[in-house]
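As a plain string of letters, each chain reads:
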Amino acid sequence: MTPRPAGRPLVPAYLSTGGVARPSRSHLERLSVLVRSGEPLPAGLPAAELALLDTLEDGSLAVVEAAALLRLPVSAVRVLAADLVDRDLVLARAPIPPAERFDPDLLKRVADGLRALKHRT
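Everything quoted here is computed from the prediction, not taken from an experiment.

Asker: Could you clarify how one ought to interpret helix H3 (residues 63-70) in this entry?
Answerer: Residues spaced three or four apart along an α-helix face the same direction, because each turn holds 3.6 residues. Those residues of H3 not exposed but buried are Val63, Ala66, Ala67 and Leu70. The arc that holds the buried residues of H3, viewed along the axis, is 100 degrees, so those residues lie on one side. Exposed residues lying more than 90 degrees from the buried face of H3 are Ala68 and Leu69. Those residues of H3 that are buried lie in contact with strand S1 (33-36), helix H2 (47-55), strand S2 (61-62) and helix H4 (74-86).

Below you can see the structure in the form of structure tokens.
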């Protein structure tokens, strides 16, 4: 019997999602933050969803972090997370948007003002 290649999951990703290819919630992004809601777990949850809930036991994780820990594609974890959000077992928060860039003209004026102060002393 040949050993299983390292890094390759035993179960294909599409089976972990029950054959579902798209999440029910399109707003779940790669950087969306997931956290358990604290609701009691219903009986009969699929193993992949239980594994995701276990990874969230110690706190919140981004979807990509959970995917890395579960060794599943991000698309599969998005499907699993969306199902858990639909069942109120997981809360999802949109990623924090990147800060707006500073106006280069403002930065130039600040630098010029600092230089002017330096020359006065």
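This is not the end of the story, as more comes after the structure.
Asker: Would you explain the sheet that holds S1 in this entry?
Answerer: Neighbouring strands of a sheet are bound in pairs by backbone hydrogen bonds; such pairs are parallel or else antiparallel. The three strands are arranged S2-S1-S3 in an open sheet whose pairing can be described as antiparallel. Strands at the two margins of the open sheet, each flanked by one partner only, are S2 and strand S3 (90-93).

Asker: Would you mind showing me how to read the pattern of salt bridges here?
Answerer: Side-chain pairs of opposite charge can arise whenever the charged atoms involved come near each other. Counted by the stated rule, this structure contains five salt bridges. With a shortest N-O distance of 2.4 Å, Arg36 and Glu57 are connected by a salt bridge. With a gap of 21 residues between them, Arg36 in strand S1 and Glu57 in the loop between H2 and S2 connect regions that are remote in the sequence. In this structure, Asp112 engages Arg115 in a salt bridge whose closest nitrogen and oxygen atoms are separated by 2.8 Å. With Asp112 and Arg115 both in helix H5 (residues 104-120) and three residues apart, the pair spans about one turn of that helix. On the basis of relative accessible area, Asp112 is assigned to the partly exposed category, the value being 34%. Three or more residues are tied together by salt bridges with common partners; here these are Lys108, Asp112 and Arg115.

Asker: What is the right way to read the side chain of Glu49 from this model?
Answerer: You can see Glu49 is positioned in helix H2. In contact with Glu49, other than residues within four places in its own chain, are Leu80, Asp83, Leu84 and Arg87.

Asker: I'm lost on the environment of Val64 in this one. Help?
Answerer: Along the polypeptide, Val64 turns up in helix H3. Overall, Val64 belongs to the partly exposed group, its relative accessible area being 24%. Placed eleven residues apart in sequence, Val64 and Ser75 show a C-alpha to C-alpha distance of 9.4 Å. The contact partners of Val64, leaving out residues within four places of it in the chain, are Arg30, Leu31 and Val74.

Asker: Sorry, what's going on with unusual backbone geometry here?
Answerer: Across the chain, the bulk of peptide bonds are trans and the bulk of non-glycine residues have phi less than zero. Of note, Arg71 is a non-glycine position whose phi angle comes to about 60 degrees, a positive value. Along the chain, the position of Arg71 falls in the loop between H3 and H4. Under the relative-accessibility criterion, Arg71 is labelled partly exposed at 47%. The phi dihedral of Asp88 falls on the positive side, at around 60 degrees, and the residue is not glycine. Within the secondary structure, Asp88 sits in the loop between H4 and S3.

Here is what the cut-offs are and how they apply
- Residues numbered from 1 in each chain as written.
- Predicted model: local features only at pLDDT ≥ 70, side-chain atom pairs only at ≥ 80, totals over all residues.
- Heavy atoms only, no water.
- Buried < 20%, exposed > 50% of the residue type's maximum accessible area, 1.4 Å probe, protein only.
- Helix = DSSP H or I, 4+ residues; strand = E, 2+ residues; numbered from the N terminus.
- Arc of directions from axis to C-beta.
- Contact = heavy atoms within 4.5 Å.
- Pairing = 2+ DSSP bridges.
- Salt bridge = Lys/Arg side-chain N within 4 Å of Asp/Glu carboxyl O.

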